[in-house]
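Examination of the molecular architecture
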Amino acid sequence: MGQLEGKVAIVTGGALGIGAAYCKRLAEEGAKVVVADIEDGNSVVGVIEQAGGRALFIETDVTSEPDNKNMASKTFQTFGRLDILVANAGLYTHLKRHPSVEETVQEWDDVYNVNVKGVWLGAKACIPEMKKNGYGKIVNIASTAAFQGTPGITRYAASKAAVVGITRSMAREYGDDGIRINAIAPGPIETETGKPYETEESLKRRLVSGKKRALGRNGLPSDVVGLCVFLSSEKSDFMSGQTVVVDGGGTLW
Ligand SMILES: NC(=O)c1ccc[n+]([C@@H]2O[C@H](COP(=O)([O-])OP(=O)(O)OC[C@H]3O[C@@H](n4cnc5c(N)ncnc54)[C@H](O)[C@@H]3O)[C@@H](O)[C@H]2O)c1
């Protein structure tokens, strides 16, 4: 029996990249999965259904409050409950790198709208549905950028530090309702979606960053999905407000 048998999970940004890997892995553990994304998530739904699982794509822009409300209520209507929200949607892969003094207000607003406001709005929409069962798990996706900094995309590092703050604050607010809120901070993860955006410079940077890690390499989506299952499962029920680093031993404390 899977670790998430009978549970219902939403993964925002689940159509592509690491989000698609979270969807498939949660389904393998028995969860019914909602793929919530601005991009078409039906191919992820197809993979899950072909393997005998249940899944649904709900077109969702995480920056929109009505879209988040629709995502949460449609999930509840379809599957009769809502246990897990993986707040993974984020702007990262396509971000243009330049020194902070050259970043624009528009670039900051774009990143904050998705990476910060999107995480808060997702929780805001899902918590009332979770409260109906007196139980819930929210897994926010931060990044080691929050702790290490990322020269060239300060707005991104700042947005992920904000995710750590949202996680801590909301964990204190909703513990009494049985809702556990934690975060995953992955280090660099190589994805298929990221590949077309690689440059000679970014490849060099990734190689150096991989070698500095205790395990001597950067991550793959398969390296982070296990922690997502753990934080979504009852095995982590006495954890809340934590941000767990998964970066091959790059950040040590
Ligand atoms: N790839 C890495 O190295 C890495 C490292 C640490 C953290 N992360 C974080 O992990 C998450 C996934 O990263 P990824 O590399 O798979 O990125 P990605 O760009 O491949 O995928 C991001 C997903 O989010 C979706 N999305 C973007 N804006 C959205 C919106 N407004 N509403 C709904 N969905 C939206 C995209 O369509 C896409 O499916 C992000 O939060 C990212 O910041 C990534």
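Being a predicted model, the structure only gives us computed values, none of them experimental.

**Some points on the overall build of the chain**
From N to C terminus, the chain includes 8 helices and 7 strands. Taken against the 2.2 N^0.38 rule, which gives 18 Å for 253 residues, the C-alpha radius of gyration of the chain at 17 Å falls within 12% of a compact globule. Buried positions account for 50% of the 253 residues belonging to the chain. A fraction of 70% describes how many contacts in the chain between residues 6 or more apart in sequence connect residues 24 or more apart. Summed over its atoms, the accessible surface of the chain is roughly 12,100 Å², and 53% of this surface lies on carbon and sulfur atoms. A distance of 4 Å separates the average location of the 29 positive side-chain charges in the chain from that of its 30 negative side-chain charges.

**Looking at the nonpolar core**
In this structure, Tyr22, Leu26, Val33, Val86 and Ile184 are the most contacted members of the largest nonpolar core, which totals 30 residues. Secondary structure elements with two or more residues in this core: β1 (8-12), α1 (17-28), β2 (32-37), α2 (42-50), β3 (55-59), β4 (84-87), β5 (136-141) and α8 (221-232). Considering each element in turn, this core owes the most residues, 7 residues, to α1. Dropping the residues within four chain positions of it, Val86 is found in contact with Ile10, Val11, Thr12, Tyr22, Leu26, Val139, Ile141, Cys228 and Ser232. Residues Met71, Ala72, Ala171 and Ile181 belong to the second largest nonpolar core, which totals 28 residues.

**With respect to the site of the ligand**
Of all residues adjacent to the ligand, which total 27 residues, the nearest are Asp37, Asn88, Thr93, Tyr156 and Ile189. Between the ligand and Thr60, the relevant distance is 3.5 Å, taken from a nitrogen atom to a main-chain nitrogen or oxygen of the residue. Between the ligand and the protein, one listed contact pairs an oxygen atom with a side-chain N or O atom of Thr193 at 3.0 Å. For the ligand, whose accessible area on its own is 830 Å², the fraction buried by protein is 96%. Sorting the residues of the shell around the ligand by element identifies α1 and α6 (154-174) as the ones contributing at least two each. Here the shell around the ligand is built from residues that sort into 14 nonpolar, 9 polar and 4 charged.

**With respect to the packing of helix α3 (residues 65-79) against helix α4 (residues 105-131)**
Where α3 contacts α4, the axes come no closer than 9 Å and their chain directions differ by 30 degrees. Judged by the inter-axis angle, α3 sits roughly parallel to α4. For the element pair α3 and α4, the recorded crossing hand is right-handed. Seen from α3, the contacting residues are Glu65, Asn68, Lys69, Met71, Ala72, Ser73 and Phe76; seen from α4, they are Leu121, Gly122, Lys124, Ala125, Cys126 and Glu129. Considered class by class, the residues forming the contact of α3 with α4 number 6 nonpolar, 3 polar and 4 charged.

**Let's talk about the packing of α1 against α8**
Relative orientation of the contacting elements α1 and α8 amounts to 50 degrees, with a least axis distance of 9 Å. By the angle between their axes, α1 is oblique relative to α8. Crossing handedness for the pair α1 and α8: right-handed. Here Ile18, Ala21, Tyr22, Arg25 and Leu26 of α1 lie close against α8, whose contacting residues are Pro221, Val224, Val225, Cys228, Val229 and Ser232. In terms of residue class, the contact of α1 with α8 is built from 9 nonpolar, 1 polar and 1 charged.

Parameters and conventions
- Residues numbered from 1 in each chain as written.
- Predicted model: local features only at pLDDT ≥ 70, side-chain atom pairs only at ≥ 80, totals over all residues.
- Heavy atoms only, no water.
- Helix = DSSP H or I, 4+ residues; strand = E, 2+ residues; numbered from the N terminus.
- Rg over C-alpha atoms; globule rule 2.2 N^0.38 Å.
- Buried < 20%, exposed > 50% of the residue type's maximum accessible area, 1.4 Å probe, protein only.
- Contact = heavy atoms within 4.5 Å.
- Areas by Shrake-Rupley, 256 points an atom, 1.4 Å probe, with all protein chains shown as cover.
- Lys, Arg positive; Asp, Glu negative; His and termini not counted.
- Charge placed at Lys NZ, Arg CZ, Asp CG, Glu CD.
- Core = buried A, V, L, I, M, F, W, Y, C linked by side-chain atoms within 4.5 Å.
- Near = heavy atom within 4 Å.
- Polar contact = N/O pair within 3.5 Å; in protein donor to acceptor, adjacent residues only side chain to side chain.
- Nonpolar A, V, L, I, M, F, W, Y, C, P; charged D, E, K, R; others polar.
- Axes fitted to C-alpha atoms, helices over the stretch in contact; angles between N-to-C directions.
- Parallel < 35°, antiparallel > 145°, perpendicular 65-115°, else oblique.
- Left-handed = near helix turned anticlockwise from the far one by under 90°.

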